[in-house]
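For reference, the chains in residue letters:
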Amino acid sequence: MTKWLGAFMLECKNIGFYYNRSNWLFRNIHLSIERGEIIGIYGKSGSGKTTLAKIMANYLSPTEGEVLVDGEKSNHSEVYPVQLIWQHPEQAINPKWKLSKIFEEAKELDQDIPSILGIKEEWLNRRAHELSGGELQRFCIARAFHPDTRYIIADEITSMFDAITQAQIWHALIRLVKERNIGVLAISHHISLLERISDRIIDFNQLKGASEKSF
Amino acid sequence: MHVYELNHETQEELEKIQNNLLLEVKNLSLTIERFGKGWTRERLYVIRDFHLKIHHGEVVAIVGASGSGKSLLADAILGIHPKNSIVDGMIKYENELLTEKRRKRLRGNDILLIPQMTNALDPLMKVGKQVKTLMKQNNHQKAVKQIFQKVGLDPDVYDQIPSACSGGMIRKIFIAMALASEAKLIIADEPTNGLDYESIDEMLFQIKMLEKDNKGVIMITHDLEAAMKVADKIAVFYAGETVEVVDKKHLKKGGKFRHPYSRALWNALPQNGFIAIDSTQPSATEKLTGCSFAKQCPKATKKCKIEKPLLKEISHDEMVRCFYAGM
């Protein structure tokens, strides 16, 4: 692929990772996400999907290989352009904060984002334990939309919620990323959900398997 | 307007059903009282009006939104609800009123809770021993290992401590405990949470195994799909109320859910339409006058906003709470 095309992609190049030296979780993973594209990925629990998500969002460094964001390596001095949204919002929000402070975390948040996500004015004065998980997850999504965000990794973001909440959250999220031309990697074990939301679906075990053969 | 025909069972059949009744819950409510700002007191109406019937050898799923107080429902039935809450209503176990004293005796023996958290086991005790404590007959160890095989666990797991087991394994251990005990009623709180597809199917199969053992299983879940796979009856829970109880036979025959909320939940499944209705359920601090779903309901009329619909019986164990059900 020519270099100028690669410039608008989140790329995993030859990524490998282990927690235990004798046991590679995965090796030689190649994956690229274009801007404005939603990729769904599924696989068994314990197969390393979340670890890959953490590596792509720069929470972890890969043991080998590199992650390129629009052709560049990560730069720690600025807001990282790949944002990760977690499965359990109640564990990702400071319980002592009022929720209005969550928006301050995202600095220059667009005015219309809270309303698109269905965040109500009265929730802002409350703390995390006074809202349900589905309501909190909307805050976690909102704060991922910093103006510099170019890619979002959504790791099982609706698996704890009922079908209506799930549909609400994904409709809002899809609208936001398409408007802003953001690339999304959606991780889920729910294949029919991925079929609804993604432009392309990948089986994580195949991704791993393909690389194993090439050793 | 569509009128449902009541199934007219013979007296004998009715009696049989009555004798087979394991647990009956009527008008259950749970209110939490807590201090707000300063000296003001605040009331949270977590459960408002809950009804449920379950027979021997039957799986009933309680399906509701996350944060709707489903877990507290299990606590209220078992009598382990928080101290600052008031529980009201009638609970009958095997056609006898469940008093505080009786409840204490039955809890852990006749009625067993499978908790949502996988850290509920004793972290220092061997897994097998923990299962063994629930058994009443002798020759324990062998019997426990047999049960382990039945639920798909390696018999060697007997000697492991819980931290060496994965989340999926711990859920299987819970099922093994339920099988080992002589409990007649099992309440499983979100048994499929956080499991991948294959494990969910495995878990549902194991719940079926409990059912074959003639135990009654109440499965509390947010996953309508899983509920439809395993349950004989589905009770839909919304804003603290039972809005509908539907028999799976009705759905299998191509029938639809009768309450507008259940229909919305069904239509929101990714494989059915992925339709998101606007807005969220009323918060527990609100005192409701009309129907709890009136604000979101596409068919709501003036009447729905003023008058609270009662739970209408359709057949002996199917109910719906809507003026215009099935229209």
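Residues numbered from 1 in each chain as written. Chains lettered and ligands numbered in written order. Predicted model: local features only at pLDDT ≥ 70, side-chain atom pairs only at ≥ 80, totals over all residues. Heavy atoms only, no water.

Chain B appears in an unreviewed UniProt entry as Nickel import system ATP-binding protein NikD from Ureibacillus thermosphaericus. The Subunit (unreviewed entry) field of the UniProt record for chain B holds the comment "The complex is composed of two ATP-binding proteins (NikD and NikE), two transmembrane proteins (NikB and NikC) and a solute-binding protein (NikA)." Listed in UniProt under the heading Sequence similarities (unreviewed entry), the comment for chain B reads: "Belongs to the ABC transporter superfamily." (UniProt positions renumbered as here; feature names shortened; annotations may be inferred.)

The name given to chain A in an unreviewed UniProt entry is Peptide/nickel transport system ATP-binding protein, and the organism recorded there is Ureibacillus thermosphaericus. Taken verbatim from the UniProt record of chain A, the Sequence similarities (unreviewed entry) comment is "Belongs to the ABC transporter superfamily."

K.L.:
Which parts of the structure should I look at to understand the interface of chain B and chain A?
P.N.:
A common way to express how large an interface is: the accessible area buried when the components associate. Taken together, the 29 residues of chain B in the interface contact 26 residues of chain A. Roughly 2,300 Å² of surface becomes buried between chain B and chain A when both sides are summed, with 58% attributable to carbon and sulfur atoms. There are one salt bridge connecting chain B and chain A. Lys44 of chain A is paired through a salt bridge with Glu198 of chain B; the nearest N and O atoms lie 3.5 Å apart. At the junction of chain B with chain A, the criterion picks out six residue pairs in polar contact (both at pLDDT 80 or more). Within the residue set of the side of chain B that touches chain A, elements represented by two or more residues are helix H7 (197-212) and helix H10 (260-268) of chain B. Per-element tally for the side of chain B that touches chain A: the top contributor is H10 of chain B, with four residues. A per-class count over the side of chain B that touches chain A returns 14 nonpolar, ten polar and five charged. (Contact = heavy atoms within 4.5 Å. Buried area = accessible area lost by both parts, 1.4 Å probe. Salt bridge = Lys/Arg side-chain N within 4 Å of Asp/Glu carboxyl O. Polar contact = N/O pair within 3.5 Å; in protein donor to acceptor, adjacent residues only side chain to side chain. Helix = DSSP H or I, 4+ residues; strand = E, 2+ residues; numbered from the N terminus. Nonpolar A, V, L, I, M, F, W, Y, C, P; charged D, E, K, R; others polar.)

K.L.:
So what exactly am I meant to see when it comes to helix H5 (residues 133-144) of chain A here?
P.N.:
Because the α-helix completes a turn every 3.6 residues, residues three or four places apart line up on one side. All names here are of chain A. When the terminal C-alpha atoms of H5 are compared, their 17 Å separation across twelve residues agrees well with the 16 Å that a helix rising 1.5 Å per residue should span. In terms of burial, H5 is largely enclosed, as eleven of its twelve residues are buried. Against the buried residues of H5 lie strand E5 (82-85), helix H3 (100-105), helix H4 (113-116), strand E6 (151-155) and helix H6 (163-180). (Expected span 1.5 Å × (residues − 1). Buried < 20%, exposed > 50% of the residue type's maximum accessible area, 1.4 Å probe, protein only.)

K.L.:
Would you take a moment to explain the confidence of the model for chain A for this structure?
P.N.:
Regions with low pLDDT carry predicted coordinates that are not meant to be interpreted in detail. When the pLDDT values of chain A are averaged, the result is 87; 93% of them are 70 or greater. Here helix H1 (residues 3-6) of chain A stands out as the element of chain A with the lowest mean pLDDT, 50, in contrast to strand E7 (residues 183-187) of chain A, whose mean of 96 is the highest. (pLDDT = per-residue confidence, 0-100.)

K.L.:
What should I look at first to understand empty space enclosed by the protein in this one?
P.N.:
Using a probe with the size of a water molecule, rolled over the atoms, empty space left in the structure can be pinpointed. According to the stated counting rule, one finds four cavities of 30 Å³ or more in the structure shown. Reported here for the largest cavity is a volume of approximately 360 Å³. Lining the largest cavity are 31 residues, and of these Ser159, His189 and His190 of chain A together with His222 and Asp223 of chain B sit closest to its centre. Only H6, E7 and helix H7 (191-197) of chain A together with H7 and helix H8 (224-230) of chain B provide two or more residues apiece to the lining of the largest cavity. Broken down by class, the residue content of the lining of the largest cavity amounts to 16 nonpolar, ten polar and five charged. Considering only enclosed or pocket space, the second largest cavity measures out at about 100 Å³ in volume. If you go around the second largest cavity, you meet 13 residues; those closest to its centre are Pro260, Cys297, Cys304, Cys322 and Tyr324 of chain B. (1 Å grid on protein atoms, 1.4 Å probe; cavity = no way out; pocket = protein on both sides within 12 Å on 5 of 7 lines; lining within 4 Å. Points joined across faces, edges and corners; volume = space filled by probe spheres on them.)

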